[in-house]
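Inside the fold
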Amino acid sequence: MSDRITEPTAADLPTNCDRSDRAHRAWVTGAIRQIEADAQRSADTHLIRFPLPAALGVDLYLKDESTHVTGSLKHRLARSLFLYSLCNGWLHAGSTVIEASSGSTAISEAYFARLIGLPFVAVMPARTSREKIELIRSYGAQCHLVEEAGAIYDAARELAVACGGHYIDQFTHAERATDWRGNNNIAESIFDQMKWEPHPIPEWMVIGAGTGGTSATIGRYIRYRGHPTRLCVPDPEGSVFFDAWRDSDVTRRGAGSRIEGIGRPRVEPSFVGQVIDRMVQVPDAASVGTAREVEHLLGKKVGPSTGTNLWAAFELARQMAAAGVRGSIVTLLCDGGERYGHTYYNDEWVAAQGWDLAPSRALVREFLGS
Ligand SMILES: *Cc1c(COP(=O)(O)O)cnc(C)c1O
């Protein structure tokens with residue numbers, strides 16, 4: 001009986017476990033403030049009118065994401081991923097941040113890592129353009145190159161374990177890190193900028209998928225706002241997205257893409273197929289040919305994934321005109337062509353890929369002159 005009195009009961013056990021860390025919280029607050037201040041100093045990107053022949057009765061717009069400080073639509077993603085990681089308590093003062101990337105994301109993340117004072121390592125395929133590697137290094141980050149594109153994920157995860165760092169993982173977190181209902185995400189910004197156009201609600205929005213994050217945000221936003229706009233995702237050769245989506249089989253594997261930024265060898269967790277209305281396959285030579293052909297119309301070089309978007313948008317415009325439908329199409333200028341001087345804008349390199357750009361360039365010229 002006396003035992004019972006001295007033995008601690010459940011009520012006597014400590015029920016408080018306090019892990020508060022004021023220094024850590026102060027650091028997180030400071031880091032978020034830096035990122036918010038950076039956004040406050042930045043302007044929104046332009047929505048450019050693309051000069052389609054007036055006779056088509058279709059207006060085409062390009063959301064010019066190349067004008068972000070880090071030169072691509074990945075600026076939005078990198079900002080969202082850092083805020084998400086910070087608010088989840090995943091980053092600490094001194095954490096090494098690691099990413100698997102085909103380059104553009106790493107450029108933008110290197111920028112934000114430096115902004116909040118964290119070391120950054122980009123794990124990328126060895127064929128990533130020299131210009132991108134130089135940009136990443138210019139932000140004080142390191143590049144870790146792997147031969148095979150499909151090996152970047154495991155390499156990044158292993159590196160994070162080895163150095164006690166954080167694998168930020170754009171391919172998993174892109175779709176959930178972005179505030180899809182608004183907060184000036186890319187979709188909200190586009191619809192706001194379209195407000196005074198002749199056809200403010202687009203018939204189609206066209207966006208290729210890399211992580212799938214941008215198409216997920218746009219597709220969700222269209223539904224949330226109740227717009228009839230349809231979402232078309234063009235996919236390059238070798239990417240698995242098209243086959244996997246058509247056959248509703250996310251276990252498929254593909255060879256991988258030769259159009260930087262879009263097309264993947266596996267169905268990324270951030271790819272939300274249910275919000276996509278149509279997918280089209282675009283030949284690589286058409287993507288690159290279109291990108292090169294529109295330079296004189298836009299007064300600037302665009303990256304190859306913008307060529308993919310425009311090729312698909314032209315086809316939709318042609319179909320709308322043939323069906324007598326008047327309206328608008330919005331697509332993205334994902335990044336500029338300056339990053340690809342040694343590759344897609346180099347004739348020898350293009351020829352070495354086995355691509356003949358002449359037929360697609362002639363088709364684009366003919367379409368735009370019609
Ligand atoms: C990432 C990227 C895309 C595709 O965007 P996601 O949101 O990742 O699907 C398109 N073009 C370029 C140049 C990119 O870097």
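Thresholds, definitions, all that
- Residues numbered from 1 in each chain as written.
- Predicted model: local features only at pLDDT ≥ 70, side-chain atom pairs only at ≥ 80, totals over all residues.
- Heavy atoms only, no water.
- Near = heavy atom within 4 Å.
- Polar contact = N/O pair within 3.5 Å; in protein donor to acceptor, adjacent residues only side chain to side chain.
- Nonpolar A, V, L, I, M, F, W, Y, C, P; charged D, E, K, R; others polar.
- Axes fitted to C-alpha atoms, helices over the stretch in contact; angles between N-to-C directions.
- Helix = DSSP H or I, 4+ residues; strand = E, 2+ residues; numbered from the N terminus.
- Parallel < 35°, antiparallel > 145°, perpendicular 65-115°, else oblique.
- Contact = heavy atoms within 4.5 Å.
- Pairing = 2+ DSSP bridges.
- Buried < 20%, exposed > 50% of the residue type's maximum accessible area, 1.4 Å probe, protein only.
- Core = buried A, V, L, I, M, F, W, Y, C linked by side-chain atoms within 4.5 Å.
- Salt bridge = Lys/Arg side-chain N within 4 Å of Asp/Glu carboxyl O.

1. A look at the site of the ligand
In the neighbourhood of the ligand, 15 residues make up the surrounding shell, with Lys74, Gly210, Thr211, Thr214 and Ser305 lying closest. Between glycine 210 and the ligand, the recorded distance is 2.7 Å, taken from a backbone N or O atom to an oxygen atom. Between the ligand and serine 305, the relevant distance is 2.7 Å, taken from a nitrogen atom to a side-chain nitrogen or oxygen of the residue. Its residues placed into classes, the shell around the ligand shows 4 nonpolar, 9 polar and 2 charged.

2. Details of the packing of helix H8 (residues 186-193) against helix H9 (residues 213-224)
Packing of H8 against H9 brings their axes to within 8 Å, and their N-to-C directions diverge by 55°. Classified by the angle between their axes, H8 and H9 sit oblique to one another. For the pair formed by H8 and H9, the contact residues are Ile186, Ala187, Glu188 and Phe191 on the first element and Thr214, Thr217, Ile218, Tyr221 and Ile222 on the second. Of the residues that constitute the contact of H8 with H9, the class distribution is 6 nonpolar, 2 polar and 1 charged.

3. With respect to the sheet that holds strand E4 (residues 120-125)
Read across the sheet, 4 strands follow the order E5-E4-E3-E6 without closing on themselves; strand pairing throughout is parallel. The sheet is open, and its two borders are formed by strand E5 (142-146) and strand E6 (166-167), each paired with just one other strand. Two strands pair when backbone bridges link them, and E4 and E5 are joined in this way by 5 bridges, in the parallel orientation. By the bridge assignment for E5, proline 125 is matched with valine 146. On the sheet, helix H5 (residues 130-138) packs against E4 and E5 and is oriented at approximately 145° with respect to E5.

4. Some details on the environment of tyrosine 153
Relative to the elements of secondary structure, tyrosine 153 occurs in helix H6 (residues 152-163). On the accessibility criterion, tyrosine 153 (5% relative accessible area) is buried. Linking tyrosine 153 and tyrosine 167, residues 14 residues apart in sequence, is a C-alpha distance of 9.3 Å. In contact with tyrosine 153, other than residues within four places in its own chain, are Ala100, Tyr167, Phe171, Arg264, Pro265, Arg266 and Glu268. A polar contact of 3.5 Å, which involves the side chain of tyrosine 153, links it to the side chain of arginine 266.

5. A few points about the nonpolar core
The biggest cluster of nonpolar side chains holds 35 residues, and the ones touching the most others in it are Phe50, Leu52, Leu60, Phe314 and Ile329. Isoleucine 329 has contacts with Val58, Asp59, Leu60, Tyr61, Trp204, Val206, Ala313, Leu316, Ala317 and Met320, leaving out every residue within four places of it along the chain. In this structure, Ile107, Ile116, Ala122 and Ala174 belong to the second largest nonpolar core, which totals 31 residues.

6. Some details on H5
Looking only at H5, the buried set comprises Glu131, Lys132, Ile133 and Ile136. Of the surrounding elements, those touching the buried residues of H5 are helix H4 (104-115), E4 and E5. Just past H5, the residue glycine 140 takes up positive phi, approximately 80°.

7. With respect to the pattern of salt bridges
For the coordinates displayed, the defined rule picks out 24 salt bridges. A salt bridge links arginine 246 to aspartate 243, with the nearest nitrogen and oxygen atoms 3.4 Å apart. On the criterion of helical spacing, the pair formed by arginine 246 and aspartate 243 is a turn pair, its members being 3 residues apart in helix H10 (residues 241-246). According to the relative accessible area criterion, aspartate 243 is partly exposed, its value standing at 25%. Here arginine 258 ties to aspartate 284 by a salt bridge, and the two come within 3.8 Å at their closest N and O atoms. Of the two residues, arginine 258 sits in the loop between H10 and strand E9 (278-282) while aspartate 284 sits in helix H11 (residues 284-293), which places them 26 residues apart along the sequence. Since its relative accessible area comes to 33%, arginine 258 is described here as partly exposed.

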